[in-house]
Amino acid sequence: CQRTRSPGLNRSMSRIRVAIRIAAQPAEVWADLAEISRHAEWMRDAVALTFTSASSRGVGTTFDCLTQIGPIRLTDRMEITAWDEGRSIGVRHVGIVTGEGTIRLRSGRRHTRVTWSERLAFPWYLGGPVGAWVAAPALTWVWRGSMRNLRRRFEPT
């Protein structure tokens, strides 16, 4: 597992962590998560995803994700910084919003626990530290919905 750190991570960041149990084996969940191009299908804030690297999986893969939450629409530039096959994917946000995120899988008896953690910083024109503080509950709400969408891919209603 390779990992790099973004410079300048500090306390004025939004820290978001959401988790969900999915009634599927980790290998099944991983097979879906490893297809980065499909993340816009279940992430509520992702409008479209475009790869900017030759690779579409693994450390070093880069992509732009057109993201929208309410009236705020921006391109989230990301790079995959960690890829532990079957276990976790780490990303660095290097666009307007900066920070790091990780999606981790943990095996249970008859389920997989998926945990999504992010630390994000916002530029001054999106409120800087105040914007980060205000955004945290909204992003938590949006990402909980995304996790429910992910679960529906394995547990149709």
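Coordinates for the structure precede this section.
For every chain, the first residue of the written sequence is number 1, and numbering continues from 1 onward in sequence order. Where local features are concerned, this predicted model is filtered to residues with pLDDT of at least 70; where side-chain atom pairs are given and counted, the filter is 80 or more; whole-chain, interface and lining totals use all residues. Derived side-chain values reflect all non-hydrogen atoms in the structure, with water molecules and hydrogen atoms excluded from consideration.

**Notes on the overall build of the protein**
Rules: For the purposes of this entry, the term helix denotes a DSSP run of H or I that reaches at least four residues, the term strand denotes a run of E that reaches at least two, and both are numbered from the N terminus. Only C-alpha atoms enter the radius of gyration; for comparison, a globular chain is expected to reach 2.2 Å times N to the power 0.38, where N is the number of residues. Any two residues whose heavy atoms approach within 4.5 Å are treated as being in contact. Each accessible area value is a Shrake-Rupley result obtained with a 1.4 Å probe; residue values ignore everything except the protein chains displayed when judging cover. Neither His nor the chain ends contribute to the count of charged residues, in which Lys and Arg are positive and Asp and Glu negative. For charged residues, the charge sits on one atom: NZ in Lys, CZ in Arg, CG in Asp, CD in Glu.
When its secondary structure is counted, the protein shows 2 helices and 7 strands. Taken from N to C terminus, the helices and strands of the protein fall in the order β-α-β-β-β-β-β-β-α. Taken over C-alpha atoms, the radius of gyration comes to 15 Å for the protein, in line with the 15 Å a tight globule of 157 residues would show. Based on the C-alpha atoms only, the size of the protein along its principal axes is roughly 45 × 35 × 25 Å. Residue pairs at least 24 apart in sequence account for 52% of intrachain contacts in the protein once pairs closer than 6 positions are excluded. Here the protein displays about 8,700 Å² of accessible surface, and carbon together with sulfur accounts for 52% of that area. Side chains of the protein give 24 positive and 13 negative charges; the mean places of these two sets differ by 9 Å.

**Looking at the environment of I22**
Along the chain, I22 falls in strand β1 (residues 14–22). A sequence separation of 47 residues divides I22 from I69, and the C-alpha atoms of the two residues are 25 Å apart. Contacts of I22, omitting those with residues within four sequence positions, involve V29, H111, T112, V114, L150, R151, F154 and E155.

**Examining helix α1 (residues 26–33)**
Selection criterion: In this scheme, a residue with accessible area under 20% of its type's maximum is buried, one over 50% is exposed, and one in between is partly exposed, where area comes from a 1.4 Å probe on protein chains only. By construction, the arc corresponds to the directions joining the helix axis to the C-beta atoms.
Taken together, the buried positions of α1 are P26, V29, W30, D32 and L33. Projected down its long axis, α1 shows its buried positions confined to an angular sector of 160°, all on one face. Buried residues along α1 sit in contact with β1, β4 (72–84), β5 (88–94), β6 (98–107), β7 (112–121) and α2 (128–152).

**Considering the side chain of D45**
Put simply, the rule is: Salt bridge, as used here, is a side-chain nitrogen of Lys or Arg placed within 4 Å of a carboxyl oxygen of Asp or Glu. Distance and chemistry together define a polar contact, namely a pair of N or O atoms within 3.5 Å, with one atom able to donate a hydrogen and the other to accept it when in protein, and with adjacent residues in sequence counting only for side-chain atoms on both sides.
Mapped onto the secondary structure, D45 falls in the loop between α1 and β2 (46–51). Here D45 occupies a buried position and makes no salt bridge, while the nearest side chain of opposite charge, R44, is found at 7.8 Å. A polar atom in the side chain of D45 sits 3.2 Å from the side chain of W143. Setting aside residues no more than four positions away along its own chain, D45 makes contact with L66, T67, Q68, I69, V142, W143 and S146.

**Details of the packing of aromatic side chains**
Each aromatic ring pair is summarised here by two numbers: the centre-to-centre distance and the angle between the ring planes. We count it as follows: Ring pairs shown here join Phe, Tyr and Trp side chains whose ring centres sit within 6.5 Å, with only the six-membered ring taken for Trp; geometry is labelled stacked below 30 degrees between planes, edge-to-face above 60, and tilted in between. A ring has a charge above it when a Lys NZ or an Arg CZ is no more than 6 Å from the ring centre and no more than 35 degrees off the ring normal.
For the structure shown, the criterion picks out 5 aromatic pairs. Judged by centre distance (6.1 Å) and plane angle (75°), the rings of W42 and W116 are edge-to-face. Taken together, the positions of W42 in the loop between α1 and β2 and W116 in strand β7 put the pair 74 residues apart, joining distant regions of the chain. An identical accessibility class is assigned to W42 and W116; each is buried. Ring centres of W116 and W143 lie 4.7 Å apart, and the angle between their planes is 25°; this geometry places the pair in the stacked category. Remark: W143 occurs in helix α2 and W116 occurs in strand β7; sequence separation between them is 27 residues. Taken as a pair, W116 and W143 share a single burial class, namely buried. Ring pairing ties together the aromatic residues W42, W116 and W143, which thus form one cluster. Sitting over the face of the ring of W141, R44 holds its NZ or CZ atom 4.4 Å from the ring centroid.

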